[in-house]
Amino acid sequence: TKVEEYSQEGLLWTVLYEECQKLKVEFSNTEYNIAVLHEVNEGAHWVDIEVQKTADHFSGRSEKLEFKNVEAVKVASLIFQGGYSKLKEVNAYVAKWILENHYEISGNIFNIYHVSPECSIGEKEFITEVCFPIKERTDK
C-alpha cells in the first residue's frame, strides 16, 4: 500500500489488525511483525510498504488482506535496539557490508519488528531486525 512517508506505516498496521479481527485470524506469533519495502518514489512523495504477520488460521476473505506463503530467503541482517531514527544508519551499514563481501541485493528489503510500539512503551526498548535479501555477486 502506498503511503506518503515511512511514519505512516502505523496506519497500515491498524488496517491489518481491523481486518484480521473481522476474519478471526489466529496469529502464529503475536510479536512477529514484518514490513516489506516495495518501492520508494521521492519525486511523487510516496512509499509502497506491505505489512505482514504470520497466521495459523483464518476464515473468510477480505479485499484488504492477502494470505500467502512466503519462501525462505538468504539475508544479510542486523538487529538493533532503539528508535526507528537509527534505520537510515543501520541500512547504510548493511548495504556497505553487502558490497564489501561480494554480495548483491536480490529482493525487497524488509524489517522484522521483534519489539515494537505494539508491545513496548518506549522506543529505547524497540528491537528491529533489518533484512536485505542477498545473493553472491558474479563479478567478483
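Above this note sits the structure.
These figures come from a predicted structure and were not determined experimentally. (Residues numbered from 1 in each chain as written. Predicted model: local features only at pLDDT ≥ 70, side-chain atom pairs only at ≥ 80, totals over all residues. Heavy atoms only, no water.)

Caption draft 1: Focus on the nonpolar core. Residues Leu16, Ile49 and Val51 are the most contacted members of the largest nonpolar core, which totals 13 residues. Taken together, the elements giving at least two residues each to this core come down to helix H1 (9–23) and strand E4 (46–53). A per-element tally of this core places H1 first, with five residues. With sequence-adjacent residues up to four places away left out, leucine 16 is seen in contact with Val51, Gln52, Lys53 and Leu65. Phe80, Ile98, Val130 and Phe132 belong to the second largest nonpolar core, which has 10 residues in total. (Core = buried A, V, L, I, M, F, W, Y, C linked by side-chain atoms within 4.5 Å. Buried < 20%, exposed > 50% of the residue type's maximum accessible area, 1.4 Å probe, protein only. Helix = DSSP H or I, 4+ residues; strand = E, 2+ residues; numbered from the N terminus. Contact = heavy atoms within 4.5 Å.)

Caption draft 2: View of the packing of aromatic side chains. Counted by the stated rule, this structure contains five aromatic pairs. Following the ring pairs from residue to residue traces out a cluster consisting of Trp13, Tyr17 and Phe27. When the ring centre of phenylalanine 27 is taken as origin, the NZ or CZ atom of lysine 53, which lies over that ring, is 4.9 Å away. (Phe/Tyr/Trp six-rings, centres within 6.5 Å; stacked < 30°, edge-to-face > 60°. Lys NZ or Arg CZ within 6 Å of the ring centre and 35° of its normal.)

Caption draft 3: Here's a closer look at unusual backbone geometry. A positive phi angle, close to 55°, is found at lysine 24, a residue other than glycine. Residue placement: lysine 24 occurs in the loop between H1 and strand E2 (26–27). The exposure class of lysine 24 is exposed, given its relative accessible area of 60%. Phi at histidine 102 is positive, roughly 65°, even though this residue is not glycine. Topologically, histidine 102 is positioned in the loop between helix H2 (87–100) and strand E7 (103–105). Residue classification places histidine 102 among the partly exposed positions, given a relative accessible area of 37%.

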